[in-house]
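Here is what each chain is made of, one letter per residue.
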Amino acid sequence: MKSIRSNIVSALAVGLVAFVVASCGDFKKSSVVNPPSTGSVDFSTYVSLGNSLTAGYQSGALYESAQEYSYPADIAKQAGVTQFEQPLISDPGIGGRMKILNLTGPVIGEDPAAGGAPLNSGLARPYNNLGIPGAVLYDMLDTSSFAAKAGPPRNNPFFQIVLRSPALGSSPVAQALALHPTFVSVWIGANDVLGYATSGGTVGILGPGSGPTDVATFTALYNQMMNALIAGAPNAKFILANIPNVAAIPFFTTVPAVVVNPATQQPVLNPQTGQPIPLIVYRHDASGNLYAGPADPQHDFILLTALDSLEAGVGIPTSVGGTGRPLPNQFVLDSYEYGIVSQAVQGYNQAISAIQASHPTKIALADIYTALNEFDQTGYEAQGIDLTSSYITGGAFGLDGVHPTSQGYAFIANIFIQAINKQFGANIPIVPISMVPSSIVIAPTGLSKIVWPEVRYSALEPVIRLLQARKY
Amino acid sequence: MACVNKKAVTFLAIAIMSVSTAFGSGYQLNEHGARAVSMGGAFVARAWDASAIYFNPAGLSYVQGFNVMLGGTLILPNTTFTGPYPNNTEWKMNSISFFPPNAYVSYNFNNGFAAGIGVFTPDGLGTDWPQNWVGRFIITKINLQSFNINPTVSYAFGDFISIGVGFDYALGSVLLEKYNPTPFSDATGNPITPFIHMQGDANGTGYNFGIMLKPIKNVSVGFSYRSKIDFKTTNGNATFSQAGVLAGLLPGGAVSTSLPFPENWYAGIAYKGENYSVEADFQHVGWSAYRQLNITFANHTTLQQNSSIIGDYSDTYIIRAGGEYNLDKMWTLRAGVFYDKNPIPDAYDAPILPDADRLGLNAGVGVNLTNHLAVDASYMFLPFKQRTITTSAYGFNGTYNTTANLIGIDLSYRL
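Parameters at a glance
- Residues numbered from 1 in each chain as written.
- Chains lettered and ligands numbered in written order.
- Predicted model: local features only at pLDDT ≥ 70, side-chain atom pairs only at ≥ 80, totals over all residues.
- Helix = DSSP H or I, 4+ residues; strand = E, 2+ residues; numbered from the N terminus.
- Rg over C-alpha atoms; globule rule 2.2 N^0.38 Å.
- Contact = placed C-beta atoms within 7 Å.
- Buried ≥ 20, exposed ≤ 12 C-beta atoms within 10 Å, placed from the backbone.
- Domains from an automatic or database assignment.
- pLDDT = per-residue confidence, 0-100.
- Pairing = 2+ DSSP bridges.
- Axes fitted to C-alpha atoms, helices over the stretch in contact; angles between N-to-C directions.
- Parallel < 35°, antiparallel > 145°, perpendicular 65-115°, else oblique.
- Left-handed = near helix turned anticlockwise from the far one by under 90°.
- Nonpolar A, V, L, I, M, F, W, Y, C, P; charged D, E, K, R; others polar.

A. The overall build of chain B, seen in detail. Summing up its helical and strand segments, chain B has three helices and 24 strands in all. Whereas a compact globule of 415 residues would reach a radius of gyration of roughly 22 Å, chain B reaches 23 Å, a difference of no more than 12%. Projected onto its principal axes, the C-alpha coordinates of chain B cover approximately 80 × 40 × 35 Å. Long-range pairs, those at least 24 residues apart, make up 70% of the contacts in chain B between residues at least 6 apart in sequence.

Have a look at this one:
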């Protein structure tokens, strides 16, 4: 009896061990994902080319605590790059950093335009981040004087700040190549259309009255730039980013094209029809003729710059207490103008895609156009933070309505990183957005209630001007 | 006897201070007696000690004389989160330990009737993550403490069938802490992330009943049911700190919440030999009762709004098997296993309560020190399945790994 029972006990024990062993596959800890790797990319010298978006410009200024979270800085950090020099400018930076003064009255003000100063202008080589606020595609190969661009008509101080001396290279591309880059990111061309779009179609690439850079010119310039880069750095890998849709950016989507009751923030309805009342604006008809009339609420964009005028009653019909004067053209990107913008963006993006497609082992594509359209539709939930494209409250775009916040730039960096990982067999970790500080500056006064933000035109004007018109 | 009771009171007072954890799936605890635990919790058909009050009140009629059982389970968990996916960064939960207690008193009137009272912790939850961790906008700390007071009576119709019924009063507290994201920073670039601390006492009531049958010689069958308890806060309060210029919009104040303790039923069959017994059980857990935890403020502002933690749990089950072998009059050896299916869908498996299917491997020993005094000890190794979430509703994808060691001890005094 005794031995039979011990046999039973032994059998149970063996069975238990077998069960444990069989279960181990599921229960043992295994390595979770592949270890970080840069795949076929050599990150020993990373250079980024671009405009304000690449520089890390935020809420109307370029300043250190924003530059620290530029998307190229994010990519460099995630890829383990140790030497990534940026043209840092002390807070509150240059450009006039916008900040929330108070959430109850006129809410947005700005720091002095020259509130900060360059911090490492003595670096004896070109910066790794060559993003220049206000730069257009043409500037990438332009060898004309950096200093001269600080004067009229461009009045843009950033060429001199970022590029410093022709001795370091006579153009952004030349400075990039002087570093013998092993990896180059390029996100350029947005300003070729944004100047036109943010001025309500009034100031194009060649000054007032012109349009965006035409697609043929853009394609030729882009090919020329890439040929120079590939010839100058034959072993480097590249990532190109395309141009976003302006309809995904709060500068264009915040202000509705209908009359809004300032107290309730709800559209005022026409008592006869029960429909919202369109603003009175200057807009173009389908053949491009300018006229004053009701806005098309479905297809016209009222710009963030219009808020001052709307408050003064401009654009609002007399029947609902306005002046009845039409909103000036510079505050409206009407459907005709949006058609011109869209066509340009589509054309630019085709040119960028074509270059990428012809060098698939050398070049990756960050499809920012698609990513921002999706973001505008659905937002992005990351580690308990819910980012959306809403102005201020969405957390992704800064106070100028065009440039991302630090968290928004991290979202952009992750689009780049995912494209690099896919194209080059890399496994660079993405930026956890919860580890990036929120960055819309709020002034230290008590707040009791959040109402409709009011943005003074004067605060936005420097940004608009930065994005505009260069006579070259 | 007075002496034992006094000790019991002191012991409980200390133990209850530190009650909290979640070591059944969801936020349920299934460790309510070292003897049962060491046999994989398969006990409903053999609930022949005072812990029958929890496992199956019908068993109380088969527990002779006057019994006092006191003990608890030391739980030592270890949880890591690796992510956010596809990142490989490992975040480790702060080291925590729990000691949910149990205490049972029973008396058999020797006319078929028996009565008893139990105090135990059927639900509890504790997670504690570093303050600066990647998921701090989801949770930094949550602590659900509860203990149930469960007076019970039973009646046996001879040796063939017995029934038992009890009333369940649960009391305890709920605590929740996390950071709230805002789009803002102060003028020097420091992000404004208000920290919320919510705390409140809570209580709820329920009931339980059980049946035990001995249809043929050596075989017993048990069924036991414990009802759902709605555990509601009574005096919850929220305070915000680190809110900077947003402090005026985050006044905090009275807050209320409630969460269900799920219903359970157990069914088991046991075989008793000359000096051994074995049992297999099935436990059903009514987790579908937990849809969401609503946090309701008394005062509202633009920023201070009600919120909810969605769970969308499913009903689930635990399969248990175990047995004991009496070496001699003094020593009894025990072993058991169980498989515990978790109730949380991928989308809502979050660091608030990271859960996964788990396997319990149990062993234990019982020692009759004297005719009146016995000690039962149990050890459980509890590995969780590695769980990788790729569809998180919190934008928080990654991989959770948990293991736990549980050491239980119970002291029984019978007269």
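B. The arrangement of the overall build of chain A in detail. Counting its regular elements, chain A contains 14 helices and 16 strands. Per-residue burial over chain A gives 54% buried out of 472 residues. Partitioning the contacts of chain A with sequence separation of at least 6, the portion at a separation of at least 24 is 73%.

C. Spotlight on the environment of Ala236(A). Residues and elements named next belong to chain A. Summarising the element assignment, alanine 236 is placed in the loop between α8 (215-232) and β8 (237-241). You can call alanine 236 buried: it has 22 C-beta atoms within 10 Å. Apart from residues lying up to four places away in sequence, alanine 236 is in contact with Pro181, Thr182, Phe183 and Val184.

D. Representation of the domain arrangement of chain A within the structure. Residue and element names in this part refer to chain A. Each assigned domain of chain A is listed here: domain 1 (46-252 + 337-467) and domain 2 (258-333). A separation of 31 Å is found between the C-alpha centroids of domain 1 and domain 2. Tallying the contact residues gives 19 residues for domain 1 and 16 residues for domain 2. Elements represented by at least two residues in the side of domain 1 that touches domain 2 include exactly α7 (191-198), α9 (250-253), α11 (335-358) and α14 (457-467).

E. Geometry of the confidence of the model for chain B. Residues and elements named next belong to chain B. Residue-level pLDDT values for chain B average 90, and 94% of them are 70 or greater. Taken together, the stretch residues 1-22 has pLDDT below 50 and engages in 40 contacts with residues farther than four places along the chain or on a different chain. In the model output, the complex is listed with pTM 0.88 alongside ipTM 0.87.

F. The arrangement of the sheet that holds strand β4 (residues 129-131) of chain A in detail. Residues and elements named next belong to chain A. As summarised here, the arrangement of the five strands in space is β4-β1-β5-β8-β13, forming an open sheet in which the pairing is parallel. Of all the strands in the sheet, the pair left with one neighbour each is β4 and β13 (363-366). The mean inter-strand angle of the sheet, taken between neighbouring strand axes irrespective of direction, is 15 degrees. Inspection of the sheet shows strand β1 (residues 46-50) paired to strand β5 (residues 183-187) by five bridges, in the parallel sense.

G. Quick peek at unusual backbone geometry. Residue and element names in this part refer to chain B. A cis geometry characterises the amide bond from glycine 83 onward to proline 84, with omega recorded as -5 degrees. Looking at the element boundaries, proline 84 is found in the loop between β1 (66-82) and β2 (90-92). Cis geometry is adopted by the peptide bond preceding proline 86, which originates at tyrosine 85 and carries an omega value of 5 degrees. Mapped onto the elements of the fold, proline 86 is located in the loop between β1 and β2. Of note, the phi angle at asparagine 218 is positive, near 75 degrees, even though the residue is not glycine. Within the secondary structure layout, asparagine 218 lies in the loop between β9 (195-213) and β10 (219-226). What makes asparagine 218 exposed here is the crowd of 11 C-beta atoms within 10 Å.

H. Representation of the environment of Thr390(B) within the structure. Residues and elements named next belong to chain B. Along the chain, the position of threonine 390 falls in the loop between β23 (387-389) and β24 (398-414). Threonine 390 gets classed as exposed once you count the C-beta atoms within 10 Å, which come to 11. As for threonine 390 and tyrosine 85, which are separated by 305 residues in sequence, their C-alpha atoms are 7.4 Å apart. Excluding residues within four positions of it along the chain, threonine 390 makes contact with Tyr85 and Asn397.

I. Quick peek at the pairing of strand β11 (residues 229-233) of chain B. Residues and elements named next belong to chain B. The alternating pattern of β11 places Ile229, Phe231 and Thr233 on a buried face, while none of Asp230 and Lys232, on the opposite face, is buried. With two bridges joining them, β9 and β11 adopt antiparallel strand pairing. From the neighbouring strand, alanine 202 faces β11, where its bridge partner is threonine 233. Where β11 meets strand β14 (residues 258-261), four bridges bridge the pair, whose relative direction is antiparallel. Across the sheet, residue isoleucine 229 finds its bridge partner in β14, namely phenylalanine 261.

J. Broad picture of the packing of α8(A) against α11(A). All names here are of chain A. Where α8 meets α11, the closest approach of the two axes is 9 Å, and the angle between their N-to-C directions is 30 degrees. Judged by the angle between their axes, α8 and α11 are roughly parallel. Seen along the crossing, α8 lies across α11 with a hand that is right-handed. Of the residues in α11, those touching α8 at Val215, Phe218, Thr219, Tyr222, Asn223 and Met226 are Ala344, Gly347, Tyr348, Ala351, Ile352 and Ile355. Its residues placed into classes, the contact of α8 with α11 shows nine nonpolar, three polar and no charged.

K. Geometry of the packing of α7(A) against α11(A). All names here are of chain A. Axis separation between α7 and α11 bottoms out at 10 Å; the angle between their running directions is 170 degrees. Here α7 lies roughly antiparallel to α11, going by the angle between them. For the pair α7 and α11, contact is made by Asp192, Val193, Tyr196 and Ala197 and by Val341, Ala344, Val345 and Tyr348, respectively. Taken together, the residues of the contact of α7 with α11 sort by class into seven nonpolar, no polar and one charged.

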